[in-house]
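Below are the chains, spelled out letter by letter.
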Amino acid sequence: MKDVQPKGSHFIDGAYVEDTAGRVINCVYAATGEVVAKLHSATPAVIAQALDSAKRAQKEWAALPPVERGRVLRRVADILRERNEALSELETIDTGKPIQETLVADATSGADALEYYGGITASITGESVPLGGDFVYTIREPLGVCVGIGAWNYPTQIACWKSAPALACGNAMVFKPSEMTPLCALKLAEIYVEAGAPAGLFNVVNGYGDVGAALVTDSRVDKVSLTGSVPTGRKVYAAAAEGIRHVTMELGGKSPLIVFEDADIENAVSAAINANFYSTGQICSNGTRVFVHADIAEAFAARLVERTKTAVIGDPLDPETNIGPMVTDTQRAKVLEYIEIGKSEGAKLLLGGGIPAGFETGNYIEPTIFSGVTDDMRIAAEEIFGPVMAILTFTSEEEAITRANATEFGLAAGVFTNDIKRGHRVVAQLEAGTCWINQYNLTPVEAPFGGVKMSGVGRENARAALEHYSQIKSVYVALSDVESAF
Ligand SMILES: NC(=O)c1ccc[n+]([C@@H]2O[C@H](COP(=O)([O-])OP(=O)(O)OC[C@H]3O[C@@H](n4cnc5c(N)ncnc54)[C@H](O)[C@@H]3O)[C@@H](O)[C@H]2O)c1
Ligand SMILES: NCCCC=O
């Protein structure tokens, strides 16, 4: 295994920082269980250093002409693309996701975000509001120091999706990666400095949940953006509210994928595969409740099983591998428990359900398909965050919509139909922040991404994210005399 030990656990003010007094974080390669790097969770002194330097750098950064700020972000995008191979390998080692995915979905999607926001930095402006003589103009101002807290499934992408719009708006960011994947964001911090960002503008502090909690309540912090589970979201949202801080919450889901009887079955099967088994099922927007019209349910399931059997399970660093291990043994144990729950609830196990033969070392698990699932089963109601698909059947459009919406989550939804009117009619009624018609799980930077209901608050990507990293100042300008009562 290549040496991935970073020069320090944190990256602050343009340099690696270490404080061995912090609790140890072992970075484990999910395919073998090998400890590939050892870091230390941030101490209060490290957190203070990160926030102080971010506060300083933010002022310097916000004072630059926007076109110069945009240029720095675009340089970051270029470097991410130049180093895609090395960064993808690191992402694979950090997460266990197959290299065939990380080469196309991580540093590259991060680069898209940096390029997009670099391109619009100079057009983040206010407006002029005529009042028939007097007028108002508005200024879109940065919030100040933003804290980003990441989940473990997309460490590079999450760090880029948060930092790119934050920095474009003139903020600084202190980013805390998940303790399970501490390596990738450190590389991004190095690249920001190399691209010309002021030291301290993008700092990374590694640590457990307590480090995240300390950041959220610090008086130097103006905004918190979390990607994580609903239970963590509740805590972080409440803690941020104490200081009336701005928040973005990108949380979990249990999204529906509805396949109507007139759908192209081959495309719908491809979408169901992508919506459940990409990244070994560890994607927030996954369409894990696959509602299939009763008339085609048998044919759909047969083809799905046939194709899923051909998936190559293996070493994630092997380019042939489609399905790698789960991020940790704990996460896999949780998924295996859900599979047992599914069986005991009476769902029919069509495929998978255990540890693949020959893969007893590492956190491997088979892609698993249940049919005969009903809405009340826990495997249909709770976020599993692993490669477990539940097939449910329906007979009418109205029924499919009602049942798809019968969840506390609202992150995403997909509809497969060849009737374009039906496609639009159905998504208009689905309670989800992102919907796809005849596609699933594509999240281009040009499209806003985020959830409704318990799945979150705010949006990432597109111009929509600018609303969440800036605030508007109104300036009233009088051209006439001031009237007063006396
Ligand atoms: N909506 C999205 O964009 C999106 C994307 C990826 C993952 N997710 C969700 O993330 C979850 C999986 O990720 P996870 O297991 O890392 O989530 P998690 O909620 O356990 O942890 C997320 C982050 O929060 C930190 N944290 C934990 N307790 C904290 C506290 N009290 N204060 C501040 N920070 C704290 C963790 O250290 C970690 O960095 C799933 O629910 C998934 O759906 C959502
Ligand atoms: N590519 C989008 C991933 C977001 C959630 O896990």
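Residues numbered from 1 in each chain as written. Chains lettered and ligands numbered in written order. Predicted model: local features only at pLDDT ≥ 70, side-chain atom pairs only at ≥ 80, totals over all residues. Heavy atoms only, no water.

- Going by an unreviewed UniProt entry, the protein carries the name Betaine-aldehyde dehydrogenase and comes from Pseudooceanicola spongiae.
- The record held by UniProt for the protein lists under Sequence similarities (unreviewed entry) the comment "Belongs to the aldehyde dehydrogenase family." (UniProt positions renumbered as here; feature names shortened; annotations may be inferred.)

### Comments concerning the pairing of strand β15 (residues 368–371)
Line of reasoning, step 1. Burial along β15 is two-sided: T368 and F370 and I369 and S371, pointing in opposite directions, are all buried.
Line of reasoning, step 2. Bridge analysis of strand β14 (residues 348–351) against β15 gives 3 bridges, and the strand direction is antiparallel. Its bridge partner being in β15, L349 is matched across the sheet by F370.
Line of reasoning, step 3. In the sheet, β15 pairs with strand β16 (residues 388–394) via 3 bridges, with the strands oriented parallel. Bridging across to β16, T368 finds its partner in V388. (Buried < 20%, exposed > 50% of the residue type's maximum accessible area, 1.4 Å probe, protein only. Helix = DSSP H or I, 4+ residues; strand = E, 2+ residues; numbered from the N terminus. Pairing = 2+ DSSP bridges.)

### Focus on the site of ligand 1
Line of reasoning, step 1. Close contacts around ligand 1 come from 28 residues, with G150, E179, S229, T232 and E383 the closest.
Line of reasoning, step 2. At 2.7 Å from an oxygen atom of ligand 1 is found a main-chain nitrogen or oxygen belonging to G150.
Line of reasoning, step 3. In isolation ligand 1 offers 860 Å² of accessible surface; the protein chains occlude 88% of this area.
Line of reasoning, step 4. Elements represented by at least two residues in the shell around ligand 1 include exactly α8 (209–216), β10 (223–227) and α9 (230–242).
Line of reasoning, step 5. Here the residues of the shell around ligand 1 sort into 13 nonpolar, 10 polar and 5 charged. (Near = heavy atom within 4 Å. Polar contact = N/O pair within 3.5 Å; in protein donor to acceptor, adjacent residues only side chain to side chain. Areas by Shrake-Rupley, 256 points an atom, 1.4 Å probe, with all protein chains shown as cover. Nonpolar A, V, L, I, M, F, W, Y, C, P; charged D, E, K, R; others polar.)

### Comments concerning the site of ligand 2
Line of reasoning, step 1. As a structural note, the neighbourhood of ligand 2 is formed by N153, Q157, W161, I283, C284 and T443.
Line of reasoning, step 2. In the model, an oxygen atom of ligand 2 is placed 2.9 Å from a nitrogen or oxygen of the N153 side chain.
Line of reasoning, step 3. Contact between ligand 2 and T443: a nitrogen atom at 3.1 Å from a side-chain N or O atom of the residue.
Line of reasoning, step 4. Calculation on ligand 2 without its partners gives an accessible area of 230 Å², and the protein chains cover 88% of this total.
Line of reasoning, step 5. Grouping the amino acids of the shell around ligand 2 by side-chain chemistry returns 3 nonpolar, 3 polar and no charged.

### Thoughts on the nonpolar core
Line of reasoning, step 1. Core analysis: the largest hydrophobic core is formed by 90 residues, its most contacted members being L80, L114, Y117, V174, Y192, F202 and V205.
Line of reasoning, step 2. Here this core gets 8 residues from one element, more than from any other, and that element is helix α6 (residues 155–168).
Line of reasoning, step 3. Among the nonpolar cores identified, the runner-up in size contains 29 residues, and I341, L392, F394 and A432 belong to it. (Core = buried A, V, L, I, M, F, W, Y, C linked by side-chain atoms within 4.5 Å.)

### So, unusual backbone geometry
Line of reasoning, step 1. With phi around 55°, S279 is a residue other than glycine that occupies positive phi space.
Line of reasoning, step 2. The phi torsion at F385 lies on the positive side, around 60°, for a residue other than glycine.
Line of reasoning, step 3. Residue classification places F385 among the buried positions, given a relative accessible area of 14%.

### Let's talk about the sheet that holds strand β20 (residues 470–477)
In any sheet, the strands associate via hydrogen bonds between backbone groups, in a parallel or an antiparallel arrangement.
Line of reasoning, step 1. The 3 strands lie next to each other as β5-β6-β20, forming an open sheet whose pairing is antiparallel. One side of each edge strand has no neighbouring strand; the edge strands of this open sheet are β5 (128–130) and β20. Neighbour to neighbour, the strand axes of the sheet diverge by 20° on average, direction disregarded.
Line of reasoning, step 2. In this sheet, β20 lies alongside strand β6 (residues 135–142) in antiparallel orientation, the contact comprising 8 bridges. Looking at β20, one finds that E141 is bridged to Q471. (Axes fitted to C-alpha atoms, helices over the stretch in contact; angles between N-to-C directions.)

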